[in-house]
Amino acid sequence: MIALLNLQITIFLLIGVGFLIKRKNMVGKEGQKNLNDLVINVILPCNILKAFMVDFESSMAQEFLAVLLLSIATQVLFVIYGKIVFKKYPEGQRKCLQYGTICSNAGFLGNPIAEGVYGSYGLVLASIFLIPMRIMMWSEGLATFSGNKNMKDTMKKVCTHPCIVACVIGIVLMITGLRFPEPITKTIGYLGSCNTALSMCIIGMILEAIQWKELLDKTVLLYSFHRLILLPTIILLCLYFLPVSSIVKGLIVLLSAMPAGATTSILASKYEMEPEFATKMVITSTLFSIPTICLWSVFLKTMI
């Protein structure tokens, strides 16, 4: 419990540092975008590779398969849930809400949280869990806005995504026992160690832009409740009686309790589907996710 509380306090402080950096104009809008790209394309892949460089045990293969299959089932649930719950909203809002249900910020925020709560093995499992979500992001998620499902483009984006490439290389390294030369391994380790600090600082920068009146949007507040509380609760109830380890159950629920991904507002702007509403979804759900993720982390670690 003390370790979890220390982790949550550390996360709050890192978010606060990011908030102050943006408030003091040390980093502008373009600089924030560059930092975001740096984390996704360099820091996070190194963090994933670092986590995979452990001795492989046969029991891991079973948990990898369980996480992958449960992740696919979770993504199917998200698609169905979004289409049912948000079907009566105006087109622009409906598409934003459905995309935000399918594609959360788990790929960015989830990895450092998973590593903090469950250690390096938690990060490995999180990387496996996120593979189907990344595929859905560029297939069903993109089709939600565009109405076009181009499998060739989808597979190209998925197969060339730095995090997917890092997962594939990491699995090969873990199973075969092969390792990079020591200077390369240390470089990967040093870069990967920056992930939590930079990720949380970027979250703080996002929150700095918030206008408090935006929190009064009833639809956005309702979405945040669905995304951060109701959906992970449903998943917890579905997983509770399954014969999988507590770390698998806890990790899947925790990663299902993440806020809307930043791509929600990016795609909404590209396809002219109420980008202001999408931005409110991202910022508001991210703000409310700070206490809810803390509560989920403590609950899952102590009760499951």
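Residues numbered from 1 in each chain as written. Predicted model: local features only at pLDDT ≥ 70, side-chain atom pairs only at ≥ 80, totals over all residues. Heavy atoms only, no water.

S.K.: How do you make sense of the overall build of the chain when you look at a structure like this?
M.R.: When helices and strands are tallied, the chain shows 14 helices and zero strands. Its helices and strands taken in sequence order, the chain reads α-α-α-α-α-α-α-α-α-α-α-α-α-α from the N to the C terminus. For the chain, whose C-alpha radius of gyration is 18 Å, the value lies close to the compact-globule estimate of 19 Å for 304 residues. Taking the principal axes of its C-alpha atoms as reference, the chain extends roughly 55 × 45 × 45 Å. Of all 304 residues assigned to the chain, the portion counted as buried reaches 51%. (Helix = DSSP H or I, 4+ residues; strand = E, 2+ residues; numbered from the N terminus. Rg over C-alpha atoms; globule rule 2.2 N^0.38 Å. Buried < 20%, exposed > 50% of the residue type's maximum accessible area, 1.4 Å probe, protein only.)

S.K.: Help me understand the packing of helix α3 (residues 58–85) against helix α11 (residues 218–239), please; the structure alone is not making it clear to me.
M.R.: A packed helix pair is summarised by two numbers, namely the angle formed by the two axes and the spacing between the axes. Close contact between α3 and α11 brings their axes to 12 Å; oriented N to C, the two are set at 130°. By the angle between their axes, α3 is oblique relative to α11. Seen from above, α3 lies across α11 with right-handed handedness. In this structure, α3 contributes Leu70, Thr74, Leu77, Phe78, Tyr81 and Val85 to the contact, and α11 contributes His226, Arg227, Leu230, Leu231, Ile234, Ile235 and Leu239. Partitioning the contact of α3 with α11 into residue classes produces 10 nonpolar, two polar and one charged. (Axes fitted to C-alpha atoms, helices over the stretch in contact; angles between N-to-C directions. Parallel < 35°, antiparallel > 145°, perpendicular 65-115°, else oblique. Left-handed = near helix turned anticlockwise from the far one by under 90°. Contact = heavy atoms within 4.5 Å. Nonpolar A, V, L, I, M, F, W, Y, C, P; charged D, E, K, R; others polar.)

S.K.: Can you walk me through helix α12 (residues 246–255) in this structure?
M.R.: Since there are 3.6 residues in each turn of an α-helix, residues three or four apart along the chain are aligned in direction. Among the 10 residues that make up α12, nine are buried, leaving the element largely enclosed by the rest of the structure. Those residues of α12 that sit buried are Ile247, Val248, Lys249, Gly250, Leu251, Ile252, Val253, Leu254 and Leu255.

S.K.: Please clarify how the side chain of His161 should be interpreted in this entry.
M.R.: Within the secondary structure layout, His161 lies in the loop between α7 (151–159) and α8 (162–176). Assessed through its relative accessible area of 14%, His161 is described here as buried. Residues in contact with His161, not counting those within four places in the same chain, are Ile40, Arg134 and Trp138.

S.K.: What am I meant to see in the confidence of the model for the chain here?
M.R.: Segments scoring low in pLDDT should not have their predicted coordinates read at a detailed level. Looking at the chain, the pLDDT average stands at 88 and 97% of residues meet or exceed 70. Between the elements of the chain, mean pLDDT differs from a low of 75, seen in α7, to a high of 96, seen in α11. (pLDDT = per-residue confidence, 0-100.)

S.K.: What is the right way to read the packing of aromatic side chains from this model?
M.R.: Aromatic ring pairs: the centre-centre distance and the angle between the two ring planes describe each pair. Tallied over the full model, the rule gives six aromatic pairs. Here the aromatic rings of Tyr99 and Phe145 are separated by 5.4 Å at their centres, their planes lie at 50°, and the arrangement is tilted. Placement of the pair is Tyr99 in helix α4 (residues 91–102) and Phe145 in helix α6 (residues 140–146), with a sequence separation of 46 residues. Taking relative accessible area as the criterion, Phe145 reaches 3% and is therefore assigned buried. Aromatic side chains Phe145 and Tyr271 sit 6.4 Å apart centroid to centroid with 5° between the ring planes, which places their arrangement in the stacked category. (Phe/Tyr/Trp six-rings, centres within 6.5 Å; stacked < 30°, edge-to-face > 60°.)

S.K.: Would you mind showing me how to read the environment of Arg134 here?
M.R.: Its location among the elements puts Arg134 in helix α5 (residues 106–137). With relative accessibility at 9%, the residue Arg134 sits in the buried group. Beyond its immediate sequence surroundings of up to four residues, Arg134 is in contact with Leu44, Gly107, Val158, His161, Cys163 and Ile164.

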